2 protein chains.
Amino acid sequence: MNQLCNRRETKRHQTALRLQQCAIALTLDRGFDSWTIDDLAAAADVSRRTVFNYFDGKADVVLGPVVELDPERVAVFVAGGPSGDLLSDVLTMAADVIEEHTSDKDMAAAGRRAVLGDPRLLGLAHQRFEDVTAEFVEHVRQRDGDDFSPDRARLLSRLVVTLFDNAAERAEAEPGRPFAEHFDAAVRDARDVLA
Amino acid sequence: MNQLCNRRETKRHQTALRLQQCAIALTLDRGFDSWTIDDLAAAADVSRRTVFNYFDGKADVVLGPVVELDPERVAVFVAGGPSGDLLSDVLTMAADVIEEHTSDKDMAAAGRRAVLGDPRLLGLAHQRFEDVTAEFVEHVRQRDGDDFSPDRARLLSRLVVTLFDNAAERAEAEPGRPFAEHFDAAVRDARDVLA
DNA sequence: GTGTCCTGGTGCAAAGATGCACTCATGAAC
DNA sequence: GTTCATGAGTGCATCTTTGCACCAGGACAC
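Residues numbered from 1 in each chain as written. Chains lettered and ligands numbered in written order. Predicted model: local features only at pLDDT ≥ 70, side-chain atom pairs only at ≥ 80, totals over all residues. Heavy atoms only, no water.

Q: I'd like to hear about the relation of the copies chain A and chain B, residue by residue, with values.
A: Least-squares fitting of chain A to chain B yields an RMSD of 0.2 Å, with the superposition described by an axial translation of 0.3 Å and a rotation of 180 degrees. This pairing of chains is accounted for by a two-fold axis. For chain A, the residue whose C-alpha comes nearest the rotation axis is Lys11 of chain A, separated from it by 7.4 Å. Comparing contact sets, 100% of the residues at the interface of chain A also lie at the interface in chain B, consistent with an isologous, same-surface contact. (Least-squares fit on C-alpha atoms with pLDDT ≥ 70 in both. Contact = heavy atoms within 4.5 Å.)

Shown next as structure tokens:
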């Protein structure tokens, strides 16, 4: 799905992934403050300078690259697509983002634990979430008009995260079935609960 | 011993080694003519162009980089050093060359089989040996004067190779002891036989 | 013959990795 | 308070890798 066609992109992706994996492992192992960029560089077998070629800072390596919505998809979404149903389209977009952001589930889980283990990382992650939420709210209102209140849009954003989080928990408990099924179950249960 | 101090040299060395290993493996597996540079590049996980950045041609990858005597050592040798005894000094120089040329014994053995399996590789290897022998003969005569006949110098060259070859066989049969001991034994036996 | 692959090999420009010499902030030692 | 050490982060020159267009020669079809 991603551009893994040419060798350059492949290696770049591998290096970024290796750096993040090592950063997470180091954080889980010793704590965020107890490893240096040099340690990370050595662990990932790159030079210290290369770390900063890939990430904007120490925390960014653990958190991974900042999520940014594909402008093309955003345009479709703002125009009312792809399906026309707001919730469905939001979930579709969220699924895409989450999919490409957490290709490896084990690493995602480890990253979660690492972030949860350090207040500073948690704060940064929270800030990031606020940022994308703000952007998302803006798009929802562009799509459905200003009568869709910011509060409602923010609630929608939170709801989506909650649903995915719950689906992830279900998936962890019962890994055999596809994620989509767990997710559908979460949506159904949410509707039941709220009904 | 080699310059493995900085990351650049290390990676360069690793890549060269990986390329040669893959080339040997491919040759052993399918024969020298039945793999392409692209196959090798894919196997070693580098681009086709990189192969030619490291080696001068397809055969050179299997044979490894051309041996070239360290000018500094050669100067010492021509001047009569380091010990003053011809045979001893020749063996010292040869040991150095062989040492840095075949750091991995298994790979050296595999390379030997690969070369032996293809007439063209064998020819090239033989040509290479002739070249260094010619160079060596020149140095011996520079050191000991022109009364040291070329024939005698060539014999010396052959003798050295034979001794190392024999020592390698002994080392393979009895890998526990250090190579130097095997080599000394080979020299002793050679002297006994010729006495 | 003549075209057409296939493969070895080269030139070149762009992208990526590295080493190194900085700066800046922080915190401990004195 | 000053010094000193440590570690984050940056700028830049240099080396390495890659992609791509290209050429040359051999095999093979027609």
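From this point, the narrative continues.
Q: I'd like a description of helix α9 (residues 150–173) of chain A, backed by residues and values.
A: Residue and element names in this part refer to chain A. With 24 residues, α9 ought to run about 34 Å at 1.5 Å a step, and its terminal C-alpha atoms sit 35 Å apart, in line with that. Within α9, the full set of buried residues consists of Ala153, Leu156, Ser157, Val160, Leu163, Phe164, Ala167 and Ala171. In this structure, the buried side of α9 is in contact with α6 (86–101), α7 (105–117), α8 (119–144) and α10 (179–194). (Helix = DSSP H or I, 4+ residues; strand = E, 2+ residues; numbered from the N terminus. Expected span 1.5 Å × (residues − 1). Buried < 20%, exposed > 50% of the residue type's maximum accessible area, 1.4 Å probe, protein only.)

Q: Could you give me a rundown of the interface of chain A and chain B, with the residues and numbers involved?
A: Interface size is commonly expressed as the accessible area that is lost once the parts come together. Between chain A and chain B, the contact holds seven residues from the first and seven residues from the second. Taking both partners together, chain A and chain B bury about 490 Å²; carbon and sulfur atoms supply 32% of that area. Three residues, Arg7, Lys11 and Asp45 of chain A, lead the burial of chain A against chain B; their summed loss comes to 76% of the area buried on that side. Seen at the junction of chain A and chain B, the total is two salt bridges. On inspection of chain A and its partner chain B, the count reaches five residue pairs in polar contact (both at pLDDT 80 or more). (Buried area = accessible area lost by both parts, 1.4 Å probe. Salt bridge = Lys/Arg side-chain N within 4 Å of Asp/Glu carboxyl O. Polar contact = N/O pair within 3.5 Å; in protein donor to acceptor, adjacent residues only side chain to side chain.)

Q: Describe the protein's contact with DNA strand C, with residues and values.
A: Close to DNA strand C lie 20 residues, the nearest being Thr50 of chain A together with Arg7, Lys11, Arg48 and Arg49 of chain B. Each atom of DNA strand C within 4 Å of the protein belongs either to a base or to sugar and phosphate, the latter forming 53%. Contact between DNA strand C and Arg8 of chain A: a base nitrogen at 3.3 Å from a side-chain N or O atom of the residue. Take Arg48 of chain B: an N or O atom from its side chain is 2.2 Å from a base nitrogen of DNA strand C. (Near = heavy atom within 4 Å.)

Q: Requested: an account of the packing of helix α8 (residues 119–144) of chain B against helix α9 (residues 150–173) of chain B, with residues and values cited.
A: All names here are of chain B. Here α8 crosses α9 at 125 degrees, and the two axes come no closer than 9 Å. On the basis of their axis angle, the class for α8 and α9 is oblique. Along this stretch, α8 crosses α9, giving a crossing that reads as right-handed. Note on element contacts: α9 touches α8 through Pro150, Ala153, Arg154, Leu156, Ser157, Arg158 and Val161, opposite Phe129, Glu130, Thr133, Phe136, Val137, Val140 and Arg141. Partitioned by chemical class, the residues of the contact of α8 with α9 number eight nonpolar, two polar and four charged. (Axes fitted to C-alpha atoms, helices over the stretch in contact; angles between N-to-C directions. Parallel < 35°, antiparallel > 145°, perpendicular 65-115°, else oblique. Left-handed = near helix turned anticlockwise from the far one by under 90°. Nonpolar A, V, L, I, M, F, W, Y, C, P; charged D, E, K, R; others polar.)

Q: Which residues make up the packing of aromatic side chains, and what are the values?
A: Counted under the stated rule, the structure contains four aromatic pairs over all chains. Seen in terms of ring centroids, Phe32 of chain A and Trp35 of chain A are 5.7 Å apart; in terms of plane orientation they differ by 90 degrees. Their pairing is edge-to-face. Here Phe32 of chain A matches Trp35 of chain A in class, with each residue buried. Lys58 of chain B extends its terminal NZ or CZ atom over the ring of Phe32 of chain B, reaching a point 4.9 Å from the ring centre. Positioned over the ring face of Trp35 of chain B is Lys58 of chain B, at 4.6 Å from the centre of the ring. (Phe/Tyr/Trp six-rings, centres within 6.5 Å; stacked < 30°, edge-to-face > 60°. Lys NZ or Arg CZ within 6 Å of the ring centre and 35° of its normal.)

Q: Would you mind going over the domain arrangement of chain A in detail, with residue names and values included?
A: Residues and elements named next belong to chain A. Taken domain by domain, chain A consists of domain 1 (1–65) and domain 2 (66–195). Listed as interface residues are 14 residues of domain 1 and, on the opposing side, 16 residues of domain 2. Between the two partners, domain 1 and domain 2, sit two salt bridges. Across the salt bridge formed by Asp33 and Arg120, the nearest N and O atoms sit 2.9 Å from each other. On inspection of domain 1 and its partner domain 2, the count reaches four residue pairs in polar contact (both at pLDDT 80 or more). Residue assignment for the side of domain 1 that touches domain 2 shows that the elements contributing at least two residues are α1 (7–30) and α4 (58–63). Tallying contributions element by element places α1 first for the side of domain 1 that touches domain 2, with six residues. For the side of domain 1 that touches domain 2, the per-class residue count stands at eight nonpolar, four polar and two charged. (Domains from an automatic or database assignment.)

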